[in-house]
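# Survey of secondary and tertiary structure
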Amino acid sequence: MLREPAEIRVDDHGWIELPIGLLAEAGIAPGADLLAFSDGDGRIVLRRAEDAMRDLLERGEL
């Protein structure tokens, strides 16, 4: 389910802060390990590391 977009800004050090509500909607808890990758066209995808590893194992790519 897509919610209203949150406006965020990349700071001078290249860091961003994501609203806790956005993380909660995605099922990402504070302290979670994430993998980040570019999906092209200005998109960056964040995945819980455990989900990404499970997907790789299920596809036989790991």
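Remember, it's a predicted structure, so these values are computed and weren't measured experimentally.

## Here we look at the pattern of salt bridges
Under the defined criterion, the tally for this structure stands at four salt bridges. Salt-bridge contacts for arginine 47 lead to aspartate 55; the nearest nitrogen and oxygen are separated by 2.9 Å. According to the relative accessible area criterion, arginine 47 is partly exposed, its value standing at 27%. For glutamate 58, the salt bridge goes to arginine 54, with nearest N and O atoms at 3.9 Å. Pair noted here: glutamate 58 and arginine 54 are both in helix 2 (residues 49-58), with a separation of four residues, about one helical turn. A relative accessible area of 42% places arginine 54 in the partly exposed class.

## Some remarks on helix 2
Where helix 2 is concerned, the buried positions are Ala49, Asp51 and Ala52. Down the axis of helix 2, the smallest arc covering the buried residues is 165°, so these residues share one side. In helix 2, those exposed residues whose orientation departs by more than 90 degrees from the buried face are Glu50, Leu57 and Glu58. Of the surrounding secondary structure, the elements contacted by the buried residues of helix 2 are strand 1 (34-40) and strand 2 (43-48). Positive backbone phi, approximately 70°, marks glycine 60, located one or two places after helix 2.

Definitions and cut-offs
Residues numbered from 1 in each chain as written. Predicted model: local features only at pLDDT ≥ 70, side-chain atom pairs only at ≥ 80, totals over all residues. Heavy atoms only, no water. Salt bridge = Lys/Arg side-chain N within 4 Å of Asp/Glu carboxyl O. Buried < 20%, exposed > 50% of the residue type's maximum accessible area, 1.4 Å probe, protein only. Helix = DSSP H or I, 4+ residues; strand = E, 2+ residues; numbered from the N terminus. Arc of directions from axis to C-beta. Contact = heavy atoms within 4.5 Å.

Honestly, that's just the spatial picture; any functional story needs more than this.
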